[in-house]
Amino acid sequence: MGKKMHIQMTVNGKAEEFLAEPRELLIYTLRERLNITGPHIGCETSHCGACTVTLNGKSVKACTVFVAQADGSEITTIEGLGTPDALHPLQVAFKEHHGLQCGYCTPGMITRATKLLEENPNPTEEEIRFGMAGNICRCTGYQNIVKSIKAAAAEMNAAKEAAE
Amino acid sequence: MKDEVESREDRVGKLKGLGCSRKRVEDARFTQGKGNYVDDIKLDGMLFGDFVRSPYAHARITGINIDAALKVPGVLAVLTAKDLEPLGLHWMPTLAGDRQMVLADGKVLFQGQEVAFVVAEDRYAAADGIEAVEVEYEELPVLVNPFESLKSDVVLREDTVDEDGAPKDGAHGPRKHHNHIFTWEAGDRDTTEQVISEAEVVAESDMYYHRTHPCPLETCGCVASMDKVNGKLTLWGTFQAPHAIRTVVSLISGIEEHNIRVISPDIGGGFGNKVGAYPGYVCSVVASIVTGKPVKWIEDRMDNLMTTAFARDYHMTGRISATKDGKITGLHCHVTADHGGFDACADPTKFPAGFMNICTGSYDIPTAFLEVDGVYTNKAPGGVSYRCSFRVTEAVYFIERMIEVLAIKLNMDAAELRRINFIRKEQFPYTAALGWEYDSGDYHTAWEKALKAVDYEGLRAEQAQRIEDFKAGKTRKLMGIGLSFFTEIVGAGPVKNCDILGLGMFDSCEIRIHPTGSAIARLGTISQGQGHATTFAQILASEIGLPADSITIEEGDTDTAPYGLGTYGSRSTPVAGAATAMAGRKIRAKAQMIAAYLLEVHDDDVEFDVDRFVVKGAPERFKTMKEIAFAAYNQAIPGIEPGLEAVSYYDPPNMTYPFGAYVCVMDIDVDTGVPEIRRFYALDDCGTRINPMIIEGQVHGGLTEALAVALGQEIAYDDMGNVKTGTLMDFFLPTAWEVPNYETDHTVTPSPHHPIGAKGVGESPHVGGVPCFSNAVQDAFRPFGNVHTNMPHDHWRIWKTAHDLGLHG
């Protein structure tokens, strides 16, 4: 037990403020304190990526970030990517191309993929496989995940072109 | 009017029934982060329980002091075996007829064993409490090798020997030694010995199918909530068999079964890991009763890998005999099965080695004998079927390796050896030497299709050239061609020979048609990613003529779902899928009577047509199922009860036998030991295909889990019984980077006894994939004298194989 710290963060656009022990892990903060249960716990050692969120513009594994490190940060989780009426193209593509089965890795997988496509809007298959290698899926064998991300990239690029 | 102009084809299309690649209805919630897994459940005042675990693999416990732990802020209680003993819950029965300590009762038998259960306000307080529990251990000699265990004077399980130290009989008869669990036999020992001793050619091999773990991305866990006011226990958990869990909880706790509600919420993958009953479930229930509050227990990844549900760990010795021309005459298999400290294998009760007696594979082998000896060691209990029907992965790996070893002995092409020994199409239904009756198959057609698709002869020519180039120093990469042809045995199973703890392995479906022509169906199974809500609605749509999109499928709540034995061993489609079709046919039978009444004709004068009943010979006169549904609720029809509901409990007459033909092409760098999968072709025959998109997804996933097991994944122990692969740093789970694209293909040989001819597919790719990857590695080294090397073929082991064969100069 340590002295509690005063933490402020913005999660999916909403300002949050609370007292927490510095040892509290960000995934715990999100899931237990803020009831944001999209990100999951799979390994607690940074290997599986089920807990992936975007923190200050970077993909991070929330299971190995102390809440103290996330003080003052801006965080996006799967819940912040789309709404039921306006889904993110990746959310659509994963369903369309059977890019998920049990769904446990999916929030982290899609959240990571949003960053991948921001960093590289037109990735090759190899770049997708490398860029997603921090997220483990036990069900799909990745083939349809790669397909989903490719399809979403095409969709997003077409929408961008149409807007220009 | 619109219906009249609509083509039959359009009407079929609208149903999204059998054969349609319907998009999954589950995905909306999963892609939006709105899944509801057990760790997402939050109840008022909920506490968190976690285990103090043994650091030793074998030790006597001389003292446990919980005083300091109880002083830790947030800790409410610490349970030990002493607390559970008055309730009779310090031990629990296992699915295999043995018993297992819930909390260490005087000693521990494997590293990570549950010693005490700390109940606290949250996970952090529980972790602090665990640190403060003082346990005194006195180390005992450790046995991690089953062969040594069978020779050792050290008695692992004092509770299984009499006062003189002699082994008491076990659940499966007499035991040969105090660390021996059972001997299980199938086939004809004497004839097999005779056939092999007189054979022209005999090939032999020892192989170790290493211990591994299903490792779903979500670990096991539960929330137990005892409502003391109403006397009701609700138990949410990662249960692949919720009804069986309810019955087990009732039997061991004494709580009447109607007062127990078990709910499996969304499950983040199972692969066999979530079939068993674990100490965490028992302790959570007890802790909830003791504290009067809901208690959650969730494994962390180390707990998961170290303690719940290992798979495999079979030491197999094979002899296979043949004529000089390669016609197989006999097969002998002996298995020494390492079951760990308690026999907690999840198999049908009468099958302590599962369906290992499917080990004659896809071949017409006239004589065979199998003997399995189960052994206690200081390893974790479990022995689940990791993405396969009971021990079928072991059986198929065994025979597919024996075929390769025999091909080497005969100096014959392994594809040809398979071809000349396949059970022929006209032999089905085929009774194998070890007793199973295969329902249907057309192996030759599948094999020819596969070999043609990959240009097998071309591949062998390329491989021959590669060997020349390698010998000439032009390349350091060898090429391996992995073949496998598998027959699975799934869909357990007929109640006459399949039960778990006395519960027959039937399954069930209950359908309610609503007045406006939509429906809900509930089943005794539970999806863990297989997409039941999508596919079972498709089966029903085709049976009852209402669109799949208008049918809700619900599973996993024992208060509402009919009794069933759950989802594992590819049994959902063969058993619950059959129940679904049969319940649908009951709906249709009643609908026929209602339609005949409405159309004012005799029952026999109407017939079903896609989504309606039509008057025979007058297709313009019809009533749609939607109209019939409404009539069932608003008309007084003489002799017919109102409503439109049905339930079916389906006891399958036989198992189903999916099969497939796989080919893997691999390049192996002999200096680094890195295999590169160039191509993987998978032909599956799962009988009638319900949803091709989902089948393909299952194949991709199963192959990837096969790749993992064959090429690196293992639960390894050191001599002290320490788990060396207890985190995802050491336990291999392939990422997108290591996994190839797969080519999928199919033939369709329906099951003759299944109502819609379906056989099940989820586990086939794993069962067939493991030997295929392994055979590819071994085939690459065949020209240099390799006969057999054990899995997992990780980079180091492949390098070592190359080194031992003198390929490093």
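Everything discussed here concerns the structure shown above.
Criteria and cut-off values
Residues numbered from 1 in each chain as written. Chains lettered and ligands numbered in written order. Predicted model: local features only at pLDDT ≥ 70, side-chain atom pairs only at ≥ 80, totals over all residues. Heavy atoms only, no water. Helix = DSSP H or I, 4+ residues; strand = E, 2+ residues; numbered from the N terminus. Rg over C-alpha atoms; globule rule 2.2 N^0.38 Å. Buried < 20%, exposed > 50% of the residue type's maximum accessible area, 1.4 Å probe, protein only. Contact = heavy atoms within 4.5 Å. Areas by Shrake-Rupley, 256 points an atom, 1.4 Å probe, with all protein chains shown as cover. Pairing = 2+ DSSP bridges. Phe/Tyr/Trp six-rings, centres within 6.5 Å; stacked < 30°, edge-to-face > 60°. Lys NZ or Arg CZ within 6 Å of the ring centre and 35° of its normal.

*Asks:* Explanation requested: the overall build of chain A in the structure shown.
*Replies:* Helix and strand counts for chain A come out as five helices and five strands. Going from N to C terminus, chain A has its helices and strands arranged as β-β-α-β-β-β-α-α-α-α. Whereas a compact globule of 164 residues would reach a radius of gyration of roughly 15 Å, chain A reaches 16 Å, a difference of no more than 12%. Taking the principal axes of its C-alpha atoms as reference, chain A extends roughly 50 × 35 × 25 Å. A burial count over chain A gives 55% of its 164 residues as buried. When contacts within chain A are restricted to residue pairs at least 6 apart in sequence, long-range pairs at least 24 apart make up 56% of them. In the form shown here, chain A has an accessible surface area of approximately 6800 Å², with 51% of it arising from carbon and sulfur atoms.

*Asks:* In this structure, what is going on with the sheet that holds strand S8 (residues 134-139) of chain B? I would like to understand it.
*Replies:* The strands making up a sheet associate through hydrogen bonds between their backbones, and the pairing can be parallel or antiparallel. Residue and element names in this part refer to chain B. Pairing in this open sheet of three strands is antiparallel, and the strands run S6-S2-S8 from one edge to the other. Both outer strands of the open sheet, strand S6 (107-108) and S8, are each paired with one neighbouring strand and no more. Here two bridges tie strand S2 (residues 59-65) to S6, and the two strands are oriented antiparallel to one another. Note on S6: the bridge partner recorded for Ala59 is Val108.

*Asks:* Where do I start with the packing of aromatic side chains in this structure?
*Replies:* Centre-to-centre distance and the angle between the planes together describe a pair of aromatic rings. Residues and elements named next belong to chain B. Here the structure, examined in full by the defined rule, presents 38 aromatic pairs over all chains. Centroid distance Phe422 to Tyr443: 5.9 Å. Interplanar angle 70 degrees. Geometry classified as edge-to-face. Of this pair, Phe422 sits in the loop between helix H13 (414-421) and strand S19 (430-431) while Tyr443 is found in helix H14 (residues 443-453), placing the two residues 21 residues apart along the sequence. This pair shows no difference in class: Phe422 is buried, exactly as Tyr443 is. In textbook terms, an aromatic cluster arises when at least three aromatic residues are bridged by ring pairs, as seen for Tyr363, Phe422, Phe428, Tyr443, Trp447, Phe485 and Phe659. Geometry around Trp91 places Arg99 over its ring, the cationic atom sitting 3.9 Å from the centre. Over the face of the ring belonging to Phe310 we find Arg211, whose NZ or CZ atom lies 3.4 Å from the ring centre.

As far as function goes, none of this settles anything; it's purely spatial.
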